[in-house]
Amino acid sequence: MRTKITELLNIRYPVFQGAMAWIADGKLAAAVSNAGGLGIIAGGAAPVEVIRNEVRTAKSLTDKPFALNIMLLSPTADDIAQLVIDEGVPVVTTGAGSPAKYMKQWKEAGVKVIPVIASVAYAKRMERVGADAVIAEGMESGGHIGETTTMALLPQVVDAVNIPVIAAGGIADGRGLAAVRIMGAEGVQCGTIFLSAEECSIAPKYKDLIYKASDISTVVTGKASGHPVRSLKTPLSRKLTEMEGHIETRTLEEIEAMTAGSLRKAVQDGNFEEGTFMSGQIAGMVNHPSTCYDIIKTMVQDADALLRGAPALSGDEGVD
């Protein structure tokens with residue numbers, strides 16, 4: 001399955017692994033890249049040296065291209081932007097802001113820049129400032145989300161820009177990859193499905209909750225603060241929903257205090273009562289452990305079969 005994005009990034013398959021904060025480390029990114037996709041390290045708000053260590057871990061485990069995601073609102077964004085150049089990271093994905101101020105230095109270093117966007121207007125803006133591609137992320141995704149679904153957002157972005165578009169949100173198998181390819185996407189970015197990977201080092205409780213999830217197991221909180229987040233339904237998310245429903249009697253400061261550190265509590269500790277277990281709406285499709293290799297191989301071979309008009313294979317034969 002060769003597309004404009006596989007040619008641009010010199011990767012085998014058009015499958016990106018999402019930049020999940022506290023989750024997408026150098027080990028996971030390397031495993032995805034070794035499987036033929038594009039592994040992505042999540043920078044988040046981590047200190048520069050922590051990110052540098054993850055980058056070097058990935059470099060020690062793979063000779064394939066991988067990416068670093070930079071949350072541009074991070075107070076260390078400037079330092080991380082320079083780290084990309086110093087460490088020779090070939091691809092950068094960005095979120096929470098515009099990468100325009102870093103474009104010149106990244107381009108001179110040969111870095112490919114792919115912002116995550118949630119609207120047509122922002123996709124156009126990113127094309128104007130020199131982005132090599134964009135990731136159109138629908139609200140089906142886990143974590144911080146926009147307001148438009150992938151099905152509605154993707155074709156409008158494809159029609160609006162001339163650079164490759166990657167689809168994200170609500171994609172977990174070959175059917176999703178085939179569908180967005182037909183809609184004009186040059187590849188996919190998936191997060192929730194990679195939570196099931198053996199190479200993903202999250203708490204066993206987190207994986208168990210994903211395996212047991214159904215189609216209605218996620219909820220969006222944070223709308224009151226203007227920063228909506230999709231996660232699994234837990235005691236914490238239920239409390240947040242109740243508080244946001246009576247925002248006149250509960251302050252945003254109280255809500256922020258409750259959520260401080262809650263993602264780490266989920267990822268590292270598996271703390272069901274106080275953790276935020278971010279997940280996309282496709283969690284109900286993820287019900288058993290796998291490996292990065294098998295996730296990508298099955299997704300690509302099934303999509304290839306569907307696009308050729310044949311039944312999905314989901315076996316050992318298919319795409320090489």
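Structural notes, computed from the coordinates. The shown structure was predicted, so the numbers you read here are calculated from the model rather than taken from an experiment.

Each value, and the rule that gives it
- Residues numbered from 1 in each chain as written.
- Predicted model: local features only at pLDDT ≥ 70, side-chain atom pairs only at ≥ 80, totals over all residues.
- Heavy atoms only, no water.
- Helix = DSSP H or I, 4+ residues; strand = E, 2+ residues; numbered from the N terminus.
- Buried < 20%, exposed > 50% of the residue type's maximum accessible area, 1.4 Å probe, protein only.
- Contact = heavy atoms within 4.5 Å.
- Polar contact = N/O pair within 3.5 Å; in protein donor to acceptor, adjacent residues only side chain to side chain.
- Core = buried A, V, L, I, M, F, W, Y, C linked by side-chain atoms within 4.5 Å.
- Pairing = 2+ DSSP bridges.
- Axes fitted to C-alpha atoms, helices over the stretch in contact; angles between N-to-C directions.
- Phe/Tyr/Trp six-rings, centres within 6.5 Å; stacked < 30°, edge-to-face > 60°.

### A closer look at the environment of methionine 126
Inference 1: Residue position: methionine 126 is located in helix H6 (residues 120-128).
Inference 2: Judged by relative accessible area, methionine 126 falls into the buried class, the value being 0%.
Inference 3: For methionine 126 and glutamine 156, which are 30 residues apart along the polypeptide, the C-alpha to C-alpha distance reads 15 Å.
Inference 4: When sequence neighbours within four positions are dropped, the list of residues in contact with methionine 126 reads Ser98, Pro99, Pro115, Ile117, Ala131 and Val134.

### Considering the side chain of threonine 218
Inference 1: Within the secondary structure, threonine 218 sits in strand E10 (residues 218-221).
Inference 2: Among the polar contacts listed, one links the side chain of threonine 218 to the side chain of arginine 230, at a separation of 3.1 Å.
Inference 3: If sequence neighbours within four positions are ignored, threonine 218 has contacts with Arg230, Ser231, Leu232, Lys233, Ser279, Gly280 and Gln281.

### Some remarks on the nonpolar core
Inference 1: Leu68, Ile70, Trp106, Val157, Phe194 and Tyr206 are the most contacted members of the largest nonpolar core, which totals 76 residues.
Inference 2: In terms of residue count, helix H13 (residues 292-307) provides more of this core than any other element does, 6 residues in total.
Inference 3: If sequence neighbours within four positions are ignored, tryptophan 106 has contacts with Ile70, Ala81, Val84, Ile85, Val92, Thr94, Pro99, Val111 and Val113.
Inference 4: Residues Leu38, Ala67, Ile114 and Ala133 belong to the second largest nonpolar core, which totals 13 residues.

### Structural notes on the sheet that holds strand E7 (residues 143-144)
Inference 1: With respect to topology, 3 strands assemble into an open sheet ordered E7-E11-E10, the strand pairing being antiparallel. Of all the strands in the sheet, the pair left with one neighbour each is E7 and E10.
Inference 2: With 2 bridges connecting them, E7 and strand E11 (residues 229-232) associate as antiparallel partners. Note that in E11 the partner of glycine 143 across the bridge is arginine 230.
Inference 3: Each of E10 and E11 touches helix H10 (residues 235-245); the most contacted strand, E10, lies at about 40° to it.

### Quick look at the packing of aromatic side chains
For any pair of aromatic rings, the description consists of the separation of the ring centres together with the inter-plane angle of the planes.
Inference 1: Going through the model one piece at a time under the given rule, you end up with 2 aromatic pairs.
Inference 2: Between tyrosine 102 and tryptophan 106, the aromatic rings sit 5.3 Å apart at their centres with planes inclined by 35°, giving tilted as the arrangement. This pair shows no difference in class: tyrosine 102 is buried, exactly as tryptophan 106 is.
Inference 3: The interplanar angle of 80° and the centroid separation of 5.0 Å between the aromatic rings of tyrosine 206 and phenylalanine 277 together place this pair among those described as edge-to-face. Taken together, the positions of tyrosine 206 in helix H9 (residues 204-212) and phenylalanine 277 in the loop between helix H12 (262-269) and H13 put the pair 71 residues apart, joining distant regions of the chain.

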